[in-house]
Amino acid sequence: TVATVVQMTALLAATSVDTLRVLALPLACAGAVAVAYGAVFMMRTASEPVADSGTLGRAFSFRTALLFAITVTGVMFVSAAIVDWLGAAGLVPTAGAAGFADTHAIAVSIASLAAAQKISVSEATIPILVALSTNTITKIALAVINGGSRYATQVVPGLVLTIMAAWLGWLLAP
């Protein structure tokens, strides 16, 4: 979740600085809560021994990068088509659906539309936050399904608090 916020910030900075400015407080709130929640668990487990898995991972996966690029491209085309067809109102359901799979691709797509002035920066904020929300639902489902109940009881509250903080940041933003 911390990585999601950091990556979202970097992608928005590269795509539309104006969109990032509007989402700065929601992202900062989400990031702060995610870091604080993670720090609590790090402090709790700092004295526990770590098991060595014996396998080394890769820092970069060409297949994953290619899949991400294809996803971003596809979502950008679909988002642009929806804006042409339905206007900015069509972005919220599109962002919600896309967010279940990947929040970054739809955020880049929406920020690109804002940068190209096809939608306003303020019209970009809700769809991006909706995508973050539905992506959080996916993370919750994966935590429950793949991690079991003990893992889920540790992770799910942090996910819920993080997305609540993002929306609170949106409500408090000027």
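Before going into details, it helps to say that this report is about the structure given with it.

Rules of the game
- Residues numbered from 1 in each chain as written.
- Predicted model: local features only at pLDDT ≥ 70, side-chain atom pairs only at ≥ 80, totals over all residues.
- Heavy atoms only, no water.
- Helix = DSSP H or I, 4+ residues; strand = E, 2+ residues; numbered from the N terminus.
- Rg over C-alpha atoms; globule rule 2.2 N^0.38 Å.
- Buried < 20%, exposed > 50% of the residue type's maximum accessible area, 1.4 Å probe, protein only.
- Contact = heavy atoms within 4.5 Å.
- Areas by Shrake-Rupley, 256 points an atom, 1.4 Å probe, with all protein chains shown as cover.
- Lys, Arg positive; Asp, Glu negative; His and termini not counted.
- Charge placed at Lys NZ, Arg CZ, Asp CG, Glu CD.
- Axes fitted to C-alpha atoms, helices over the stretch in contact; angles between N-to-C directions.
- Parallel < 35°, antiparallel > 145°, perpendicular 65-115°, else oblique.
- Nonpolar A, V, L, I, M, F, W, Y, C, P; charged D, E, K, R; others polar.
- Patch = residues over 30% accessible without salt bridge, like charges linked within 9 Å, V, L, I, M, F, W, Y side chains within 5 Å.
- Salt bridge = Lys/Arg side-chain N within 4 Å of Asp/Glu carboxyl O.
- Phe/Tyr/Trp six-rings, centres within 6.5 Å; stacked < 30°, edge-to-face > 60°.
- Lys NZ or Arg CZ within 6 Å of the ring centre and 35° of its normal.
- Polar contact = N/O pair within 3.5 Å; in protein donor to acceptor, adjacent residues only side chain to side chain.

## A closer look at the overall build of the protein
Okay, step 1: Across its full length, the protein carries 6 helices and 0 strands.
Okay, step 2: Counting helices and strands in the order they occur from the N terminus, the protein gives α-α-α-α-α-α.
Okay, step 3: On C-alpha atoms alone, the protein measures out to a radius of gyration of 17 Å, which is about the 16 Å that the 2.2 N^0.38 rule sets for 174 residues.
Okay, step 4: Taken along its principal axes, the extent of the C-alpha atoms in the protein is 55 × 40 × 25 Å.
Okay, step 5: Counting every position in the protein, which comprises 174 residues, the buried fraction comes to 36%.
Okay, step 6: Pairs at least 24 residues apart make up 75% of the contacts formed inside the protein by residues separated by at least 6 positions.
Okay, step 7: Accessible surface computed for the protein: about 10,100 Å², of which carbon and sulfur atoms make up 69%.
Okay, step 8: Of the side chains in the protein, 7 bear a positive and 6 a negative charge, and the two mean positions are spaced by 6 Å.

## With respect to the packing of helix 5 (residues 103-115) against helix 6 (residues 121-172)
A pair of packed helices is captured by two measures, namely the crossing angle of their axes and the spacing between those axes.
Okay, step 1: Across the interface, helix 5 lies against helix 6 with an axial gap of 9 Å and an inter-helix angle of 175°. As far as their axial angle goes, helix 6 and helix 5 are roughly antiparallel. Between helix 5 and helix 6, the contacting residues are Thr-103, Ile-106, Ala-107, Ile-110 and Ala-114 on the first element and Val-121, Ala-124, Pro-127, Ile-128, Ala-131, Leu-132 and Asn-135 on the second.
Okay, step 2: Along the lines of polarity and charge, the residues of the contact of helix 5 with helix 6 split into 10 nonpolar, 2 polar and no charged.

## A closer look at the environment of Val-5
Okay, step 1: Inspection of the secondary structure puts Val-5 in helix 1 (residues 2-15).
Okay, step 2: Taking the C-alpha atoms as reference, Val-5 lies 9.6 Å from Ala-32; in sequence the two are 27 residues apart.

## Some words on a nonpolar patch on the surface
Okay, step 1: A cluster of nonpolar side chains, namely Leu-25, Leu-168, Trp-170, Leu-171 and Leu-172, defines an oily patch on the protein surface of about 480 Å² accessible area.
Okay, step 2: At 4 residues, helix 6 tops the list of elements feeding residues into the nonpolar patch.
Okay, step 3: With respect to the element layout, Leu-171 can be found in helix 6.
Okay, step 4: Relative accessible area serves as the criterion here: at 59%, Leu-171 is assigned to the exposed category.

## Some thoughts on the packing of aromatic side chains
Okay, step 1: Applying the stated criterion to the full structure yields 2 aromatic pairs.
Okay, step 2: Here Tyr-37 and Phe-41 contribute two aromatic rings whose centre-to-centre distance is 5.1 Å and whose plane-to-plane angle is 50°, an arrangement assigned as tilted. One end of the pair is Tyr-37 and the other is Phe-41, both in helix 2 (residues 17-45) and 4 residues apart, which spans about a single turn.
Okay, step 3: Looking at Tyr-37, the relative accessible area reads 22%, which means it is partly exposed.
Okay, step 4: An angle of 80° between the planes, with centres 5.6 Å apart, marks the rings of Trp-167 and Trp-170 as edge-to-face. Taken together, the residues span about one helical turn, with Trp-167 and Trp-170 both in helix 6 at a distance of 3 residues.
Okay, step 5: Sitting above the plane of the Phe-41 ring, Arg-44 keeps its charged end 5.2 Å from the centroid.

## Considerations on the environment of Thr-153
Okay, step 1: Of note, Thr-153 is situated in helix 6.
Okay, step 2: Note on Thr-153: relative accessible area 56%, which makes it exposed.
Okay, step 3: For Thr-153 and Ser-16, which are 137 residues apart along the polypeptide, the C-alpha to C-alpha distance reads 36 Å.
Okay, step 4: Polar side-chain contacts of Thr-153 include one of 2.8 Å to the backbone oxygen of Arg-150.

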